[in-house]
Amino acid sequence: MIRVRVPATSANMGSGFDTLGVALNLYSKLEIEETSGGLEIITLNNSGNVQNDKTNLVYRAMDHIFREVGYSPKGLKIKQDSAIPMTRGLGSSSACIVGGMLAANALSGRKLSYSEIMDLAVEMEGHPDNAAPALYGGFCVSARDCGKVYVKSIKLKNDLKFAVMIPDFFVATRKSRGVLPETVSLKDAAFNISRASMLQAALTSGDYDLLRIGAEDRLHQPYRKSYIDGFDHIFEHTYKIGAKATYLSGSGPTIMSILTGSGEAFKSDMESFFSENSHKWKCMLLECDNVGSVLSEV
Ligand code: HSE
């Protein structure tokens, strides 16, 4: 049996649209075995809307690998237990794709390298900023060129907390990409290049006071905030109570704050803020996962 554990991820990090992402210590776990026939999919935990037929994303990712390497399993049993909330901007789809691909590669004789799996995962997902940290862990900078994905994963120090604020509604990535403009001005492009570069400098140097400016964005958040009630108010409040940076996680609707210290006071303040403002949001404190996906054969 193959076991795979894949971390949740937070993509874009404000300024790094389709480029930057970080892995978090919240996990999707898969147990997969080849059987004598048929397809059995068991979903546990956070699996309300998960399909248990050939449309299942883990299965589709596995099938992608099997086709690539020319392997036909007789049957498959897939057990999926994910703590990553679905369609909230925390990389639940990437976790399915990366986990399924790693398992399929192991079942079919490990013919593909991590780098080849990365390329195929991004081919399925469309952008690398979740898939890269899901596979490699840490803070990842990714660039895609002619189907090849280049990734640099940087391990972060364990002195940061990620306060994940998750609302009770979801927005599909397809919808939240649909509100983005086809073209942007040179001014806005230059704005984001400076911010994304600064974000990387701040994270890697430990000069966390620069994170706030580094997370600023003009490419996607201004368009996406319209579907998040109270967006500006929430951002302002996080900064008032000490967030080093606040951004829309992936395509949202989860909002992320990066913190120093334990984060406990921030969490309890945000919980009061949400209840006073009748927002049904949950706040969870996470840390960077520097390990990435872990596969074992038992
Ligand atoms: N970079 C992607 C987007 C992340 O912003 O649409 C989606 O999770």
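Anything mentioned here points back to the structure above.
Residues numbered from 1 in each chain as written. Predicted model: local features only at pLDDT ≥ 70, side-chain atom pairs only at ≥ 80, totals over all residues. Heavy atoms only, no water.

Caption draft 1: Quick peek at helix α3 (residues 114–125). When the terminal C-alpha atoms of α3 are compared, their 16 Å separation across 12 residues agrees well with the 16 Å that a helix rising 1.5 Å per residue should span. All of the buried residues in α3 are Ile117, Met118, Asp119, Leu120, Ala121, Val122 and Glu125. If you follow the buried residues of α3, they end up packed against α1 (57–69), α2 (92–107), α4 (131–136), β5 (139–145) and β6 (148–154). Looking at the residues trailing α3, positive phi occurs at Gly126, about 100°. (Helix = DSSP H or I, 4+ residues; strand = E, 2+ residues; numbered from the N terminus. Expected span 1.5 Å × (residues − 1). Buried < 20%, exposed > 50% of the residue type's maximum accessible area, 1.4 Å probe, protein only. Contact = heavy atoms within 4.5 Å.)

Caption draft 2: Just unusual backbone geometry, in detail. At the junction of Gly252 and Pro253, the peptide bond is cis and its omega measures out at 5° in the coordinates. Looking at where Pro253 falls in the secondary structure, it is placed in the loop between β8 (245–248) and β9 (255–260). A positive phi is found at Met13, a non-glycine position, where the angle reads about 55°. Note on placement: Met13 falls in the loop between β1 (2–11) and β2 (20–35). Met13 gets classed as buried once you look at its relative accessible area, which sits at 0%.

Caption draft 3: Highlighting the nonpolar core. Core analysis: the biggest nonpolar cluster contains 85 residues, and Met13, Ile32, Met62, Phe162 and Ile255 have the highest contact counts within it. Looking at this core, the element that brings in the most residues is α2, giving 10 residues. What Met62 contacts, discounting residues up to four positions off in sequence, is Ile32, Leu76, Ile78, Gly100, Ala103, Ala104 and Leu107. (Core = buried A, V, L, I, M, F, W, Y, C linked by side-chain atoms within 4.5 Å.)

Caption draft 4: A look at the packing of aromatic side chains. Summed over the entire model, instances satisfying the criterion amount to 6 aromatic pairs. Note on Phe169 and Trp281: the rings are 6.4 Å apart at their centroids and 90° apart in plane angle, and the pair reads as edge-to-face. Of this pair, Phe169 sits in the loop between β7 (160–167) and α5 (173–178) while Trp281 is found in strand β10 (residues 281–286), placing the two residues 112 residues apart along the sequence. Accessibility expressed as a relative area gives 26% for Phe169, which makes it partly exposed. For Trp281, a relative accessible area of 9% corresponds to the buried category. With 4.4 Å between their ring centres and 25° between their planes, Phe231 and Phe235 make a pair best called stacked. Residue Phe231 and its partner Phe235 are located together in helix α9 (residues 231–240), separated by 4 residues, close to a single helical turn. (Phe/Tyr/Trp six-rings, centres within 6.5 Å; stacked < 30°, edge-to-face > 60°.)

Caption draft 5: Molecular detail of the site of the ligand. Taken together, the neighbourhood of the ligand is formed by Asn12, Phe17, Asp18, His127, Asp129, Asn130, Thr173, Arg177, Arg224, Gly250 and Ser251. Here an oxygen atom of the ligand and a side-chain polar atom of Asn12 are 2.8 Å apart. Here an oxygen atom of the ligand and a side-chain polar atom of Arg177 are 2.6 Å apart. Contact with the protein chains covers 96% of the free accessible surface of the ligand, which is 260 Å². Each residue belonging to the shell around the ligand can be placed in one class, and the counts come to 1 nonpolar, 6 polar and 4 charged. (Near = heavy atom within 4 Å. Polar contact = N/O pair within 3.5 Å; in protein donor to acceptor, adjacent residues only side chain to side chain. Areas by Shrake-Rupley, 256 points an atom, 1.4 Å probe, with all protein chains shown as cover. Nonpolar A, V, L, I, M, F, W, Y, C, P; charged D, E, K, R; others polar.)

Distances and angles like these do not, on their own, reveal function.
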